[in-house]
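# Breakdown of the fold
Chain by chain, the residues:
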Amino acid sequence: MASKSTVAVLGPGGTGGLLAALLSRSGHRVVCLAQEHTAGTLRRTGIAVRSPQFGEFTAPVEADTELREPVDVCLIAVKHTTLDAALTRVPPAALGDALVVPLLNGVEHPAALRARYRADRVAPAVIRVESTRTAPGVIEHGSPFTEIDLAGDGVPHARLDALAAVLTGAGVTARVVEDETAALWAKMAFLAPFALLTTRYGLPLGEARTRHRAELEDLVAETAAVSRACGAPADPAQALARYDTFPPGTKSSMQRDAEAGRPLELDAIGGALLRAADRHGVPAPVTARLVSELRAAGH
Ligand SMILES: NC(=O)c1ccc[n+]([C@@H]2O[C@H](COP(=O)([O-])OP(=O)(O)OC[C@H]3O[C@@H](n4cnc5c(N)ncnc54)[C@H](OP(=O)(O)O)[C@@H]3O)[C@@H](O)[C@H]2O)c1
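All values reported here derive from a predicted model rather than from experimental measurement.

Here we come to the overall build of the protein. Each helix and strand counted, the protein has 12 helices and 12 strands in total. Taking 2.2 N^0.38 as the reference for a compact globule, 299 residues should give roughly 19 Å; the C-alpha atoms of the protein span a radius of gyration of 19 Å, in line with that estimate. Seen along its three principal axes, the alpha-carbon backbone of the protein occupies a region of about 50 × 35 × 30 Å. Looking at the protein residue by residue over its 299 residues, the buried ones come to 49%.

Next up, the structure:
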């Protein structure tokens with residue numbers, strides 16, 4: 001990748017907006033792909049970031065409603081609930097040789113992207129960050145870290161290394177990991193029990209993990225069994241211990257979406273977990289019950 005890259009960002013929200021601003025600040029050309037009103041705002045105001053890690057800054061970005069030229073990388077940073085609609089903004093023919101890098105949580109989107117784009121250019125990433133879009137072009141970054149694991153079965157290693165270098169240069173802690181399945185399932189194994197339990201009971205992690213301990217343990221065990229059946233290592237004891245290190249007030253993003261009345265990524269997390277369990281004949285009764293209770297509650 002050239003020292004100055006052109007990066008498209010589909011969905012300049014919490015994650016995409018933060019990365020777009022960081023990449024622009026470090027000298028890359030950034031084209032945000034968004035709905036018309038958001039694109040117009042971004043062209044006028046750029047992206048303003050407030051962050052304990054990066055300070056306060058505003059970075060200019062280009063913005064359009066559709067990708068119209070080849071780029072080096074296209075970050076996909078919409079939620080699952082809007083992925084299909086948003087992808088119409090990235091016509092396969094416009095991408096050229098670009099890497100397509102989804103940052104979404106979940107495990108099923110890479111296959112959907114490989115069906116639409118060049119399979120050997122789809123490089124799924126896992127992002128660990130807490131970042132919120134409070135208004136178009138306004139990003140509140142809450143975590144003192146921003147970490148990205150880049151994977152991509154079949155993607156040339158040099159391309160992944162080059163992107164990791166670009167992200168690192170922008171201030172992100174980025175690394176290339178060998179095993180895509182392990183990377184995606186490691187995030188899923190942590191996220192699914194936490195998201196399902198806190199959202200189902202409307203409790204922050206501290207209360208959820210004490211008042212519903214047995215269910216949390218079951219969820220962790222079920223998720224680990226499914227993860228292993230999918231070929232990814234899993235360590236339920238370590239996952240449980242990790243939940244206990246988080247501050248009691250911690251909320252999952254699914255729970256925050258539920259509180260705000262936004263659509264949940266329930267199908268991409270719980271639904272995908274249950275589909276994988278079914279495929280491999282792994283029992284997941286507690287996960288199934290929580291997912292169906294959340295659906296019955298209108299999610
Ligand atoms: N935020 C985090 O801290 C975090 C951490 C780890 C993983 N993740 C994962 O990262 C993914 C993205 O989450 P997020 O929190 O960054 O989401 P988000 O803040 O809701 O941002 C998504 C962006 O997509 C845009 N969008 C929606 N529909 C669109 C369409 N049809 N065309 C173009 N853009 C569209 C929205 O634009 P408008 O602004 O114009 O409405 C919004 O800015 C999710 O899978 C999430 O689970 C997030």
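Here the focus is the nonpolar core. Among the nonpolar cores identified, the biggest contains 99 residues, and V9, C32, C74, L75, V100 and V101 are the most heavily contacted of them. Here this core spans two domains, and each of domain 1 (6–178) and domain 2 (182–296) adds at least three residues to it. Excluding its chain neighbours within four sequence positions, the residues that come into contact with L75 are V7, V9, L10, G16, L19, V101 and L103.

A few words on the site of the ligand. Near the ligand you find 28 residues, and of these G11, G13, G14, T15 and T38 are the closest. Elements with a minimum of two residues in the shell around the ligand: α1 (14–25), α3 (83–87) and β9 (131–135). Take the shell around the ligand: its biggest share by element is three residues, from α1.

As summarised here, the arrangement of the five strands in space is β5-β2-β1-β6-β7, forming an open sheet in which the pairing is parallel. Two strands close off the open sheet at either side, each with one partner strand: β5 (62–64) and β7 (99–102). Along the sheet, successive strands turn relative to each other by an average axial angle of 20°, direction set aside. Where strand β2 (residues 29–33) meets β5, three bridges bridge the pair, whose relative direction is parallel. Pairing of V31 across the sheet is with E62, part of β5. Seen against the sheet, helix α2 (residues 36–45) touches β2 and β5 and runs at an angle of roughly 165° to β5.

Take the UniProt feature "domain: Ketopantoate reductase N-terminal" (unreviewed entry) in the protein next. According to UniProt, the "domain: Ketopantoate reductase N-terminal" (unreviewed entry) feature falls on residues 7–143. Structurally, residues 7–143 is divided into 26% helix and 31% strand, and its ends, taken at the C-alpha atoms, are 24 Å apart.

Looking now at the environment of L205. Mapped onto the fold, L205 is located in helix α7 (residues 205–211). For L205, the contacting residues outside a window of four places in its chain are F194, T198, Y243, F246, P248 and T250.

Moving on, we get to the domain arrangement of the protein. Assigned domains of the protein: these are domain 1 (6–178) and domain 2 (182–296). Between domain 1 and domain 2, the C-alpha centre-to-centre distance is 25 Å. Residue-level contacts link 12 residues of domain 1 with 12 residues of domain 2. Residue classes in the side of domain 1 that touches domain 2 are distributed as five nonpolar, four polar and three charged.

What follows is about the sheet that holds strand β3 (residues 47–51). Within the open sheet, the four strands sit side by side as β4-β3-β10-β9. Their pairing is mixed. Strands at the two margins of the open sheet, each flanked by one partner only, are β4 (55–59) and β9. The sheet shows a mean angle of 20° between the axes of neighbouring strands, taken without regard to direction. Inspection of the sheet shows β3 paired to β4 by five bridges, in the antiparallel sense. Among the inter-strand pairings, A48 is bridged to a residue of β4, identified as T58.

The rules we used
- Going along each chain's sequence as written, the residues are numbered from 1 onward.
- In keeping with the model being predicted, local features are shown solely for residues with a pLDDT of at least 70 and side-chain atom pairs are shown and tallied solely at 80 or more, while totals for entire chains, interfaces and linings include all residues.
- Strands are runs of DSSP state E lasting at least 2 residues, helices are runs of H or I lasting at least 4, and numbering of each runs from the N terminus.
- Radius of gyration: C-alpha atoms only; globule rule: 2.2 Å multiplied by the number of residues to the exponent 0.38.
- Partly exposed residues are those whose C-beta has more than 12 but fewer than 20 other C-beta atoms within 10 Å; with 20 or more the residue is buried, with 12 or fewer it is exposed, and the C-beta atoms are placed from the backbone.
- Structurally, a nonpolar core is described as a collection of buried Ala, Val, Leu, Ile, Met, Phe, Trp, Tyr and Cys residues joined by way of C-beta atoms within 7 Å.
- Residue ranges for the domains originate in an automatic or database domain assignment.
- Note on contacts: each residue gets a C-beta atom placed from the backbone, and two residues are in contact if those atoms are within 7 Å.
- In this text, near has one meaning. A residue is near a molecule or strand if its C-beta atom, placed using the backbone, is within 6 Å of it.
- Between any two strands, pairing holds if DSSP finds at least two bridges.
- In this description, a line fitted to the C-alpha atoms serves as the axis of each element, helices being fitted only across the stretch in contact, and the angle between N-to-C directions of two axes falls anywhere from 0 to 180 degrees.
- UniProt positions are given in the numbering used here, feature names are shortened, and annotations may be inferred rather than shown by experiment.
- Each residue is assigned to one class: nonpolar for Ala, Val, Leu, Ile, Met, Phe, Trp, Tyr, Cys and Pro, charged for Asp, Glu, Lys and Arg, and polar for all the others, Gly among them.

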